[in-house]
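Per-entry structural report
What follows is the residue order along each chain.
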Amino acid sequence: MSIIDLASERVRRETFNQPKGKPAAAPAYKSSISVFGLGYVGAVSAACLADTNHRVVGVDPDVRKTAMLANGKAMMVEPGLDDLLSKGVGAELIGVSADAEYAVFNSTVSFVCVGTPSREDGSCDIGYVEDVARSIGKAIRAKKEFHVIAFRSTIPPGTCRQILGPIIEKESGGVMGEDFGIAFHPEFLRECTAIEDFYNPPKTVVGASDERTQGIIADIYAGVDDNVLFTSIEAAEMVKYVDNTWHATKVCFANEVGRLAKACGVDSHEVMDVFVQDTKLNISPYYMKPGFAFGGSCLPKDVRGMSKLARTMKVDAPLIDSLHSSNDGQIMHAMSLVQRTKPRTVALLGVTFKKGTDDLRESPMLTLLEMMIAEGLDVRVFDENLDLDTALSHHLAHSKAGSGNAGGLAAEMPKLVAQSAVEAVNAADTVIMAHADPAFARAVEARKGEVRVVDLARVWPEAPAWPGYDGICW
Ligand SMILES: NC(=O)c1ccc[n+]([C@@H]2O[C@H](COP(=O)([O-])OP(=O)(O)OC[C@H]3O[C@@H](n4cnc5c(N)ncnc54)[C@H](O)[C@@H]3O)[C@@H](O)[C@H]2O)c1
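What you see is a predicted model, and the numbers here were worked out from it, not measured in a lab. Residue positions are given per chain, counted from 1 along the sequence in the order it is written. Note on the predicted model: pLDDT of at least 70 is required for a residue's local features to be given, and 80 or more for side-chain atom pairs to be given and counted; whole-chain, interface and lining totals, by contrast, use all residues. Note: side-chain values were computed over all heavy atoms of the structure, leaving out hydrogens and water.

1. Details of the site of the ligand
The near set for a molecule or strand comprises every residue that places at least one heavy atom within 4 Å of it. Among the 21 residues in the neighbourhood of the ligand, the closest are listed as Val41, Asp60, Lys65, Thr116 and Glu191. Between Gly37 and the ligand, the recorded distance is 3.3 Å, taken from a backbone N or O atom to a nitrogen atom. At 2.5 Å from an oxygen atom of the ligand is found a side-chain nitrogen or oxygen belonging to Thr116. Bound to the protein, the ligand loses 77% of the 830 Å² it would expose on its own. By the criterion applied in these results, polar contacts are pairs of N or O atoms within 3.5 Å in which, for protein atoms, one can donate a hydrogen and the other can accept it, and in which residues neighboring in sequence qualify only through two side-chain atoms. Areas reported here follow the Shrake-Rupley algorithm with a probe of radius 1.4 Å; residue values treat only the protein chains shown as occluding.

2. Observations regarding the pairing of strand β4 (residues 109-112)
With a 1.4 Å probe rolled over the protein chains alone, any residue whose accessible area is under 20% of its type maximum counts as buried; one over 50% counts as exposed, and the rest are partly exposed. Helix and strand assignments come from DSSP, with helices taken as H or I runs of at least 4 residues and strands as E runs of at least 2, each series counted from the N terminus. Side chains of β4 alternate between two faces, with Val109 and Phe111 and Ser110 and Val112 buried alike. Here strand β1 (residues 32-36) runs beside β4; their pairing, made up of 4 bridges, is parallel. Looking at β4, one finds that Val35 is bridged to Phe111. When the strands point away from the viewer, a crossover counts as right-handed if the path from the first strand over the helix to the second runs clockwise. Handedness of the β-α-β unit built from β4, helix α5 (residues 127-141) and strand β5 (residues 147-151) comes out right-handed. Any two strands with at least two DSSP bridges between them are considered paired.

3. Side note on the sheet that holds β4
Ordered by their spatial adjacency, 8 strands build an open sheet running β3-β2-β1-β4-β5-β6-β7-β8, and the pairing between neighbours is mixed. Two strands in the sheet have a free side with no partner beyond their single neighbour: β3 (94-97) and β8 (229-231). Pairwise comparison of adjacent strand axes, ignoring direction, gives a mean angle of 25° for this sheet. Of the strand pairs in this sheet, β5 and strand β6 (residues 180-184) are connected by 5 bridges, and their pairing is parallel. The partner of Phe151 across the bridge, within β6, is Phe184. Only the contacting stretch of a helix is used when fitting its axis, a line to C-alpha atoms as for every element, and angles between N-to-C directions run 0 to 180 degrees.

4. With respect to the environment of Gly305
In this structure, Gly305 sits in helix α11 (residues 299-312). Separated by 131 residues in sequence, Gly305 and Ala436 place their C-alpha atoms 30 Å apart.

5. Some points on the nonpolar core
Counting 42 residues, the largest nonpolar core has Val35, Leu49, Leu81 and Phe111 as the members making the most contacts within it. In terms of residues, this core owes the most to one element, helix α1 (residues 40-51), which gives 7 residues. Any two residues whose heavy atoms approach within 4.5 Å are treated as being in contact. Excluding residues within four positions of it along the chain, Phe111 makes contact with Ile33, Ser34, Val35, Phe36, Leu49, Ala150, Arg152, His185, Ile220 and Tyr221. We define the nonpolar core as a collection of buried residues of types Ala, Val, Leu, Ile, Met, Phe, Trp, Tyr and Cys that are connected through side-chain atoms lying within 4.5 Å of one another.

6. Points about the side chain of Glu187
Structurally, Glu187 is set in the loop between β6 and α7 (194-199). Look past the residues within four positions of Glu187 in its chain and what remains in contact with it is Val41, Ser45, Arg152 and Lys240.

7. Considerations on the packing of aromatic side chains
Two measures describe an aromatic ring pair: the distance that separates the ring centres and the angle between the ring planes. Any pair of Phe, Tyr and Trp rings, taking the six-membered ring for Trp, is counted once the centres come within 6.5 Å. Such a pair is stacked with planes under 30 degrees apart, edge-to-face with planes over 60 apart, and tilted for the rest. Counted according to the given criterion, the structure contains 8 aromatic pairs. Ring geometry for Tyr286 and Tyr287: centres 4.6 Å apart, planes at 80°, overall edge-to-face. Taking the relative accessible area as the measure of exposure, Tyr287 reaches 57% and is therefore exposed. Aromatic pair Phe382 and Phe440: ring centres 6.1 Å apart, planes at 75°, arrangement edge-to-face. A residue pair is termed long-range when its members are at least 10 positions apart, and Phe382 in strand β10 (residues 378-382) and Phe440 in helix α18 (residues 438-445) qualify at 58 residues. Phe440 shares its class with Phe382; the two are buried. An aromatic cluster is defined as three or more aromatic residues linked by ring pairs; in this entry it consists of Phe198, Tyr199 and Tyr221. Seen from the ring of Phe188, Lys203 lies directly overhead, with NZ or CZ sitting 4.1 Å from the centre. Placement of a positive charge over a ring is assigned whenever Lys NZ or Arg CZ falls within 6 Å of the ring centre and within 35 degrees of the normal to the ring plane. Over the ring of Phe146 we find Arg212; its NZ or CZ atom is 3.9 Å from the centre of that ring.

8. Details of the pattern of salt bridges
Once their charged atoms are close, side chains differing in charge can pair, the charge on each being opposite to the other. What counts as a salt bridge is simple: a side-chain nitrogen of Lys or Arg found within 4 Å of a carboxyl oxygen of Asp or Glu. Taken as a whole, this structure holds 15 salt bridges when the rule is applied. With its nearest N and O atoms 3.1 Å apart, the salt bridge here joins Asp131 to Arg134. In this pair, Asp131 and Arg134 both sit in helix α5, 3 residues apart, roughly one turn of the helix. With a shortest N-O distance of 3.1 Å, Glu450 and Arg447 are connected by a salt bridge. For Arg447, a relative accessible area of 17% puts it in the buried group.

9. Things to note about the sheet that holds strand β12 (residues 452-455)
Across the sheet, 5 strands lie side by side as β10-β9-β11-β12-β13; this open sheet has parallel pairing. The outermost strands of the open sheet, each flanked by one partner alone, are β10 and β13 (469-471). Direction aside, neighbouring strands of the sheet carry axes that sit 15° apart on average. The sheet contact formed by strand β11 (residues 430-433) and β12 spans 4 bridges and is parallel.

10. Topic: the domain arrangement of the protein
Residue ranges labeled as domains rest on an automatic or database domain assignment. Here the protein is described as being made up of domain 1 (7-231) and domain 2 (325-471). Here domain 1 and domain 2 have C-alpha centroids that lie 51 Å from each other.

11. So, the packing of α5 against helix α6 (residues 159-172)
In contact at an axis separation of 7 Å, α5 and α6 are set at 35° when each is read in the N-to-C sense. The handedness of the crossing between α5 and α6 is right-handed. Residues Val129, Glu130, Ala133, Arg134, Gly137, Lys138, Ile140 and Arg141 of α5 lie in contact with α6, whose contacting residues are Ile163, Leu164, Ile167, Ile168, Lys170, Glu171 and Ser172. Any residue outside Ala, Val, Leu, Ile, Met, Phe, Trp, Tyr, Cys, Pro, Asp, Glu, Lys and Arg is labelled polar, Gly included; the first ten of those are nonpolar and the last four are charged. Its residues assigned to classes, the contact of α5 with α6 comprises 7 nonpolar, 2 polar and 6 charged. Left-handed describes a crossing in which the near helix is turned anticlockwise from the far one by less than a right angle; the clockwise case is right-handed.

Structure follows, in structure tokens:
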């Protein structure tokens, strides 16, 4: 099949091998999609979309890529890709063009799959995406029908709404969400299993400017993935960064474990085979919700122990070594949120290291309490599981927070304890929610708007919009 490049004609009608003048028959394909950028992501998208009976027009300034694609071949190695491309070209479902306007006029949705390489300072270079946004914007100016632009290139959160959408609005003269729709629709394929990943995606995510756009993109995946996750545009943008950083974290963690295991004469694969079988705590959503720092009798102690073991065995384990400083940073962050409220009297609701236990050992709430006392703040604490006798005789003496100044905190504690959450909240101008306890929530709700709230535990599933409410990570 020859390259379809009708740039000179500026054609406004269906053109895939359609003789001029002949009325278009009812399309035998599901929808028309233009794919901007025919690298790894774009070529696989073009092939798989055609394989699921969408008509695709691919755009790329690299004429080697468009020429090869028009002949059913990809420039990169990807199992099964050439077969799907030649099938798509043979079925006249795949064409190419160098002309963005042609591509926009011959599609209802544009997938933008151009590169977003690192700049020297590590930031993401969005220059190619901006170029495509400008070209599509210009094309939309002359197009009457609603057009959807789905950005698939990995970009930092905020890029679509703050930069790309406004570029398209400026170039097209239209309004985002009304005259055209934009979406961030992250790509999760892995090279080498990309086609399999298209048919069995880990998830399909769409963050769109409007419901119509959301629906148009979801329809493309009907029968492939009927459980599309709809998010805000920004969450869709960020989840891609988070996914890849998590994958990198897993690799580095496993490798640190591997180095240490080998130094200890233990088979790392045996260890990790057991590790991954725990789908309750290890490979699971548990411990994955942003909130306050870790503490308790085990995590801090055993992380320190593993870190020390690595040093003793002369094994480099920077990821494991960094955990305590990351955790301390979270406590410092909570303290800075408290300071920002310019408090006089603070209520700390929840002091044990987590809700439902009386264990104060290495409780990060105690560290926060010590910091506030050191700042000269007047603090009232309440925790229904706080047993002062036990706490003072055992847990505080063993706690890291208490160890530096165990006597000081132990002596202070009885004076700080309130008899109820209501009593503590009523005496305070700033409340720290350290446990997600319904009784704490009720005490604060009775004074909402009057007290400033620093929420460390996402007490309310939807973060409240009250004046003075601040969440530690939301
Ligand atoms: N490769 C992967 O496995 C993968 C997976 C998920 C997401 N991503 C993301 O997808 C994006 C694309 O990745 P890739 O690996 O396919 O990149 P790539 O470098 O292989 O391909 C990018 C293509 O965009 C083309 N291009 C540049 N400017 C253009 C323009 N103005 N109009 C049309 N085409 C243009 C280039 O010529 C090139 O062919 C990146 O943001 C990447 O981070 C990649």
